[in-house]
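Listed below are the residues making up each chain.
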Amino acid sequence: MESLADNFFRYFISRYAASHHQKQISYSIRHQVYAEELGWEPISHRQLETDQFDDYAHPCLLEHKRTGDIAGCVRLVVPQTERLDIYHPYQQHPIEDINTHHIGQLSPTEIGEISRLAVPNQFRRRANEQGKPFIFEHGSSKTVFNEDEQRNFPHIAIGLYLSAIAMVELCDLELVLVVMEPRLMRHLKRFGICFHQISATFDFNGERALFELPRSELTLHLKSQVKELYQLILMSLMHQPWHEHQINIQAS
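Residues numbered from 1 in each chain as written. Predicted model: local features only at pLDDT ≥ 70, side-chain atom pairs only at ≥ 80, totals over all residues. Heavy atoms only, no water.

Caption draft 1: Layout of the pattern of salt bridges. Under the definition given, this model contains nine salt bridges. Within the structure, one salt-bridge network assembled from shared partners comprises Arg30, Glu41, Glu49, Asp51, Asp54, Arg75 and Arg116. (Salt bridge = Lys/Arg side-chain N within 4 Å of Asp/Glu carboxyl O.)

Caption draft 2: Up close: the packing of helix 5 (residues 155-170) against helix 7 (residues 224-238). At a closest axis distance of 9 Å, the pairing of helix 5 and helix 7 adopts a crossing angle of 60°. In this view, helix 5 runs oblique relative to helix 7, as classed from their interaxial angle. Crossing angle aside, the handedness with which helix 5 passes helix 7 is right-handed. Counted together, Gly159, Leu162, Ser163, Ile165, Ala166, Met167, Glu169 and Leu170 of helix 5 and Val226, Leu229, Tyr230, Ile233, Leu234, Leu237 and Met238 of helix 7 form the full contact between these two elements. Across the contact of helix 5 with helix 7, the residue classes tally to 12 nonpolar, two polar and one charged. (Axes fitted to C-alpha atoms, helices over the stretch in contact; angles between N-to-C directions. Helix = DSSP H or I, 4+ residues; strand = E, 2+ residues; numbered from the N terminus. Parallel < 35°, antiparallel > 145°, perpendicular 65-115°, else oblique. Left-handed = near helix turned anticlockwise from the far one by under 90°. Contact = heavy atoms within 4.5 Å. Nonpolar A, V, L, I, M, F, W, Y, C, P; charged D, E, K, R; others polar.)

Caption draft 3: How the structure looks around the pairing of strand 1 (residues 12-16). By the criterion of burial, strand 1 is predominantly enclosed, with four of the five residues buried. In terms of strand pairing, strand 1 meets strand 2 (residues 57-64) through five bridges, oriented antiparallel. Within strand 2, the residue paired with serine 14 across the bridge is leucine 62. (Buried < 20%, exposed > 50% of the residue type's maximum accessible area, 1.4 Å probe, protein only. Pairing = 2+ DSSP bridges.)

Caption draft 4: Fine view of helix 1 (residues 4-11). Those residues of helix 1 that fall on the buried side of the exposure criterion are Leu4, Ala5, Phe8, Phe9 and Tyr11. Across the axial projection of helix 1, the buried residues extend over an arc of 160°, all falling on one side. (Arc of directions from axis to C-beta.)

Caption draft 5: Summary view of the layout of surface pockets. Empty space within the second largest pocket amounts to approximately 160 Å³. Lining the second largest pocket are Lys23, Ser26, Tyr27, Arg30, Thr50, Asp51, Asp54, Asp55, Ala57, Pro59, Arg75 and His245. When residues of the lining of the second largest pocket are traced back to their parent elements, those giving at least two are helix 2 (20-37) and strand 2. At four residues, helix 2 tops the list of elements feeding residues into the lining of the second largest pocket. A breakdown of the residues in the lining of the second largest pocket according to their chemical character gives three nonpolar, three polar and six charged. (1 Å grid on protein atoms, 1.4 Å probe; cavity = no way out; pocket = protein on both sides within 12 Å on 5 of 7 lines; lining within 4 Å. Points joined across faces, edges and corners; volume = space filled by probe spheres on them.)

Caption draft 6: Region of interest: the packing of aromatic side chains. Within this structure, the stated rule accounts for four aromatic pairs. Ring centres 5.9 Å apart and planes at 45° place the aromatic pair tyrosine 34 and tryptophan 40 in the tilted group. Relative accessible area serves as the criterion here: at 8%, tyrosine 34 is assigned to the buried category. Joined through ring pairs, the aromatic side chains of Phe8, Phe9 and Phe12 make up one cluster. When the ring centre of tyrosine 34 is taken as reference, the NZ or CZ atom of arginine 116 above it lies at 5.2 Å. (Phe/Tyr/Trp six-rings, centres within 6.5 Å; stacked < 30°, edge-to-face > 60°. Lys NZ or Arg CZ within 6 Å of the ring centre and 35° of its normal.)

Caption draft 7: Main features of the side chain of glutamine 240. Secondary-structure assignment places glutamine 240 in the loop between helix 7 and helix 8 (242-251). The class of glutamine 240 is buried, set by a relative accessible area of 12%. At a separation of 2.7 Å, a polar atom in the side chain of glutamine 240 contacts the main-chain amide nitrogen of tyrosine 16. Residues within four places of glutamine 240 in sequence aside, it is in contact with Ser14, Arg15 and Tyr16. (Polar contact = N/O pair within 3.5 Å; in protein donor to acceptor, adjacent residues only side chain to side chain.)

Caption draft 8: Structural view of the confidence of the model for the chain. Of the residues in the chain, 85% reach a pLDDT of 70 or more, and the chain-wide mean stands at 87. With pLDDT under 50 throughout, residues 138-145 is counted as low confidence; its partners more than four residues away or in other chains account for 21 contacts. (pLDDT = per-residue confidence, 0-100.)

What follows is the structure in structure tokens.
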């Protein structure tokens with residue numbers, strides 16, 4: 001029986017968005033999802049959604065092999081200096097009572113934050129998935145994609161999360177943060193991606209909380225097939241020009 005990793009890589013491949021063109025694709029997807037569809041960000045005449053954190057973020061894409069379409073994007077924000085007023089996206093939210101010793105003991109440059117995960121409409125078009133930037137559950141879809149391809153659509157978000165976690169390992173960080181719905185955390189936990197909630201919930205386009213995952217636990221709880229998929233994604237990204245982009249970030 002074909003493994004999750006083999007099945008996933010039959011249809012998708014992880015890409016590090018190193019070029020200007022690849023970054024523009026990422027910003028375009030974010031604008032489509034977060035501005036045009038969800039209304040969570042203002043509409044831009046450039047049809048690109050960007051912010052100050054893109055200056056020191058590692059963006060990743062997931063490419064659909066047969067069509068060459070981009071099935072999703074995500075970024076890992078990694079500050080390169082401690083001389084900033086705001087280092088990470090979570091600091092823009094009204095988060096109170098952050099319960100962790102990690103953040104206070106680590107330099108901001110040792111902490112990454114996963115954010116701006118988005119999947120284009122054609123890869124998540126479901127009747128019961130309105131108002132969501134990506135999907136996890138199976139469902140029907142009237143698209144140009146065949147049944148086998150559609151069956152993998154819920155794994156797109158997992159592939160993107162694993163890509164971001166792989167970048168945490170490649171960047172040699174001590175901790176990764178993410179702001180997400182507690183419901184989403186429960187979905188990720190099924191796959192062994194076990195973020196810890198470290199704040200009370202707050203309202204930001206729905207119920208959200210701040211979560212963390214220490215370096216020592218990046219892959220500790222991954223299910224065996226998910227770990228196999230992670231290793232393939234890690235090896236793929238390792239041989240792409242992410243390190244050259246890191247040098248450019250540090251030099252800018």
